[in-house]
Structures are given as C-alpha cells and as structure tokens.
Amino acid sequence: NPTGRTLTLQRRHQVAELLKKYNTLLVEDDPYSALRFSGEPLPPICSLAPELVVYAGTFSKVLAPGLRVGFCTAPEVIQKWLVMAKQGVDLHTSTFNQALAAEYLAGGHLQAQLPKIIALYRPRQQAMLAAMRKRFPDCLHWAEPAGGMFIWVEGPPGSDMEAVYHQAVKEHVAFVPGQFFYARPGGGRHTLRLNFTVVDEPTIERAIGLLGDILARELA
Ligand SMILES: Cc1ncc(COP(=O)(O)O)c(C=O)c1O
C-alpha cells in the first residue's frame, strides 16, 4: 500500500542477505499478504532473517478494523523495548478485543474466512481493472496487483489529481489523491489510489465510468 506491488521471492532473499551483510534491522509492515488473489503465497522477509526483522501484522483486513488489534514479532533483545513503547503510547490494547482475535484464530475461523473475503474482493478488483481499461484515458497507467485492496494509478507529469478529486466528489465518487503518500511536499500530485473492496461490481463500473469522464475532461 499504496502501490500494490508484491516483492518477488528473489528480492525477498536479496533483502534478507543485505540485512545479514550489514547487520541491519528491518521493519516489515505486512497487512495485506493474506489477501492474495493470484500467484503462490510468498514467505515474509522475517522468516528469512528472523533475528533482524520486526514484523507487524494486523487483524484489520481479515477480521475487523474497528477491533484495533495488531501483532508483532521481534528479535528477543528489542521485545521489552517495544512493550514499553506501546505502553507509553496507549497504555493497553483492549483485553476483550485481544480475546476476540485469539478466539477467532484458535477456532480456525481465519482459515474459513479468508477464501470468502478473497472470493468477494477478487471479482471487484477484476471489475475495476476491466472498467479502467474501457473508460480511463490512455495517458493513465496502472499495475494489476496480485492482492490487497487498491489500484495505484499514475497520470501524466504535471497532472493534478487533487483537482480531479474535487470534481469527482461532486459526483459522489471518491479516491485518495496519491500526494498524501509522499513524504516530500509537492511529490505525487499526478498519482491516485483507488479502493475496490467496499462496493459491489455494478457500483464500481458506474464509478469508474464517471471518473474516466472527469479524468478525460481535467487532463484534456
Ligand atoms: C501499509 C499499512 N500498514 C498497516 C496497516 C494497518 O492498519 P491498522 O492500524 O488498522 O492495523 C495498514 C492499514 O491501512 C496499511 O495500509
């Protein structure tokens, strides 16, 4: 997120080798790997260099974002520091919510639920990509992600997707202008991120049609 790219197995091994060579710590933020629509499952980098990776996961995408429960694995030497930092930030994650998440896992519900979520999201992604191919102007480019919730789109240099956004919301179509994912002020004004998980296929088709017309108008 936001690009929807998946690191290949070879790149994962290369990153693990670099961590070992330079004895460096990596933070691996992995909220979407369970939502994989195509290709083989890939190992997280933490499994290739467990002593050098702090791995963060979440129940937000596979159970409920409102629970606010995530999890983390870390090399033993820094675990106690992470616990202290977490206590400093929010004192404690709801025990009830943690128990719910534990029950969900222990009862095998995640394995049962994942194929259902994927069966719901995959056709939505396909519907969005098909509509984009049909309705978006040729000057836009995007990748076809192997999973996740988003499609990352790049417009021509100099285009302003925030201006497009303001036109789109007038027609009740929303997206995230890509500039908000950039650390550098002014970066990424030509990019946008679309979500395909929230609404059904006919709504996606209608929204992409509207957005395609707005993009064609604004980028003309
Ligand atoms: C890159 C990334 N990391 C982590 C998360 C996890 O968020 P949460 O705070 O809901 O666990 C998200 C969710 O949007 C995300 O996109």
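Note that this is a predicted model, so its numbers are computed, not measured. (Residues numbered from 1 in each chain as written. Predicted model: local features only at pLDDT ≥ 70, side-chain atom pairs only at ≥ 80, totals over all residues. Heavy atoms only, no water.)

## Section: the overall build of the protein
Right, on to step 1. Each helix and strand counted, the protein has six helices and seven strands in total.
Right, on to step 2. Shown N-terminal to C-terminal, the secondary structure of the protein runs as helices and strands in the order α-β-β-β-α-α-α-β-β-α-β-β-α.
Right, on to step 3. In terms of principal-axis extent, the alpha carbons of the protein reach across some 55 × 40 × 35 Å.
Right, on to step 4. Put simply, the protein has 220 residues, and 36% of those count as buried.
Right, on to step 5. Sequence separation of at least 24 residues holds for 65% of the intrachain contacts in the protein that already meet a minimum separation of 6.
Right, on to step 6. In the form shown here, the protein has an accessible surface area of approximately 13100 Å², with 58% of it arising from carbon and sulfur atoms.
Right, on to step 7. Separation between the mean location of the 22 positive side-chain charges and that of the 20 negative ones in the protein comes to 1 Å. (Helix = DSSP H or I, 4+ residues; strand = E, 2+ residues; numbered from the N terminus. Buried < 20%, exposed > 50% of the residue type's maximum accessible area, 1.4 Å probe, protein only. Contact = heavy atoms within 4.5 Å. Areas by Shrake-Rupley, 256 points an atom, 1.4 Å probe, with all protein chains shown as cover. Lys, Arg positive; Asp, Glu negative; His and termini not counted. Charge placed at Lys NZ, Arg CZ, Asp CG, Glu CD.)

## So, the sheet that holds strand β5 (residues 150–154)
Right, on to step 1. Taking strand neighbours across the sheet as the criterion, the four strands line up as β4-β5-β7-β6 in an open arrangement whose pairing is antiparallel. A strand with exactly one partner marks an edge of an open sheet, and here the two such strands are β4 (141–142) and β6 (176–177).
Right, on to step 2. In this structure, β6 lies alongside strand β7 (residues 191–195), joined through two bridges in antiparallel fashion. Note on β7: the bridge partner recorded for Pro-177 is Leu-192. (Pairing = 2+ DSSP bridges.)

## Description of the state of the cysteines
Right, on to step 1. Per the stated rule, a full pass over the model turns up zero disulfides.
Right, on to step 2. Between Cys-46, a free cysteine, and Cys-72, which holds the nearest cysteine sulfur, the sulfur-to-sulfur gap is 9.8 Å.
Right, on to step 3. Judged by relative accessible area, which is 45%, Cys-72 ranks as partly exposed. (Disulfide = S-S within 2.5 Å.)

## Some remarks on the layout of surface pockets
Remark: the empty space left among the atoms is shown by a probe the size of a water molecule rolled over them.
Right, on to step 1. Taken as a whole, the largest pocket holds about 910 Å³ of empty space.
Right, on to step 2. What lines the largest pocket is a set of 28 residues, among which Arg-5, Thr-6, Leu-7, Arg-12 and Asp-30 lie closest to the centre.
Right, on to step 3. Looking at the lining of the largest pocket, the elements with two or more residues in it are α1 (9–22) and β1 (26–29).
Right, on to step 4. By residue number, the principal contributor to the lining of the largest pocket is β1, which donates four residues.
Right, on to step 5. Of the residues contributing to the lining of the largest pocket, the split by class is 13 nonpolar, eight polar and seven charged.
Right, on to step 6. Inspection of the lining of the largest pocket shows a minimum of three residues originating in each of domain 1 (9–107) and domain 2 (119–218).
Right, on to step 7. Space inside the second largest pocket adds up to approximately 670 Å³.
Right, on to step 8. Contributing to the lining of the second largest pocket are 24 residues, with Gly-70, Cys-72, Leu-82, Lys-86 and Thr-93 lying nearest its centre. (1 Å grid on protein atoms, 1.4 Å probe; cavity = no way out; pocket = protein on both sides within 12 Å on 5 of 7 lines; lining within 4 Å. Points joined across faces, edges and corners; volume = space filled by probe spheres on them. Nonpolar A, V, L, I, M, F, W, Y, C, P; charged D, E, K, R; others polar. Domains from an automatic or database assignment.)

## What to know about the environment of Phe-181
Right, on to step 1. You can see Phe-181 is positioned in the loop between β6 and β7.
Right, on to step 2. Sequence-wise, Phe-181 and Thr-3 are 178 residues apart; in three dimensions their C-alpha atoms are separated by 9.8 Å.
Right, on to step 3. Dropping the residues within four chain positions of it, Phe-181 is found in contact with Asn-1, Pro-2, Trp-152, Val-176 and Arg-193.

## Thoughts on the site of the ligand
Right, on to step 1. Every residue near the ligand is listed here: Asn-1, Asp-29, Pro-31, Tyr-32, Thr-58, Ser-60, Lys-61 and Arg-68.
Right, on to step 2. Asp-29 is positioned such that a nitrogen or oxygen atom in its side chain is 2.7 Å from a nitrogen atom of the ligand.
Right, on to step 3. Between the ligand and Ser-60, the relevant distance is 2.5 Å, taken from an oxygen atom to a side-chain nitrogen or oxygen of the residue.
Right, on to step 4. Protein chains bury 63% of the 390 Å² of accessible surface belonging to the ligand in isolation.
Right, on to step 5. When the residues that make up the shell around the ligand are grouped by side-chain class, the tally is two nonpolar, three polar and three charged. (Near = heavy atom within 4 Å. Polar contact = N/O pair within 3.5 Å; in protein donor to acceptor, adjacent residues only side chain to side chain.)

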